[in-house]
Amino acid sequence: MAKLTTAEFIEAIKELSVLELNELVKACEEEFGVSAAAGVVVAAGAAEVAEEKDEFDVELTEVGPNKVKVIKVVREATGLGLKEAKEVVDGAPKVIKEAAAKAEAEEIKTKLEAEGAKVTLK
C-alpha cells in the first residue's frame, strides 16, 4: 500500500459517510487499543462522530380525511383543550410536540397516521 500524506489522508476522511467514519474510529480503537472520546472532531473539523438523536419534534404535515379523530389524538398527545387542538390541526403543517423522547414521538406518529394524517419527525 502506498503511503498517504497527511493532506491525502484528511481528504480521504472527508469523503467518508458518517457511518463509515464511525466504523473507521471503531477499527482504529481496536487496532491500537485506544479509546476516542465521544464527540471528538476528526481531522480538525472534517467530520464528527455520529450520535443518535434522542429528541424529536412531531410535526403534523397533513390532516387527512379524519379531522375529528386527528383532533382527538392531538388533544391526547398535547393536553390541549378542544378549541386549541382544533386550531393546531387547522394550522397544519404545525409542530404539535417539541423535544419528545423517541418512543413518545413514534407513538404519537403511529396514532396520527392510523387516523390518516401525515406526520414527520424532526
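Provided above is the structure to which this section pertains.
Everything numeric in this text was worked out from a predicted model, so none of it was measured.

Q: I would appreciate a short explanation of helix α3 (residues 67–78) in the present structure.
A: Given 3.6 residues to a turn, an α-helix orients residues that are three or four positions apart in the same direction. The end-to-end C-alpha distance of α3, which contains twelve residues, comes to 16 Å, matching closely the 16 Å that a straight helix rising 1.5 Å per residue would cover. For α3, the complete set of buried residues consists of V70, I71, V73, V74 and A77. Looking down the long axis of α3, one finds its buried residues gathered within 165° of arc, a one-sided arrangement. Seen from the open side of α3, the exposed residues pointing more than 90 degrees away from its buried face are V68, K72 and E76. Buried residues belonging to α3 abut β3 (55–62), α4 (82–90), β4 (94–101) and α5 (102–114). Directly after α3, the chain includes G79, whose backbone phi takes a positive value near 80°.

Rules used in this analysis
- Within each chain, residues carry numbers counting from 1 in the order of the written sequence.
- Where totals are concerned, whole chains, interfaces and linings use all residues; where local detail is concerned, this predicted model gives features only for residues with pLDDT of at least 70, and gives and counts side-chain atom pairs only at 80 or more.
- The side-chain numbers reported here are obtained from all heavy atoms of the structure, hydrogens and water having been left aside.
- Here a helix means four or more residues in a row that DSSP labels H or I, a strand means two or more in a row labelled E, and each is numbered from the N terminus.
- One fewer than the residue count of a helix, multiplied by 1.5 Å, yields its expected span.
- Working definition: with a 1.4 Å probe on protein chains only, accessible area under 20% of the residue-type maximum means buried, over 50% means exposed, and in between means partly exposed.
- This arc is built from the directions going out from the helix axis to the C-beta atoms.
- The contact criterion used throughout is that any non-hydrogen atoms of two residues lie within 4.5 Å.

All quantities given are derived from atomic positions and should not be read as evidence of function.
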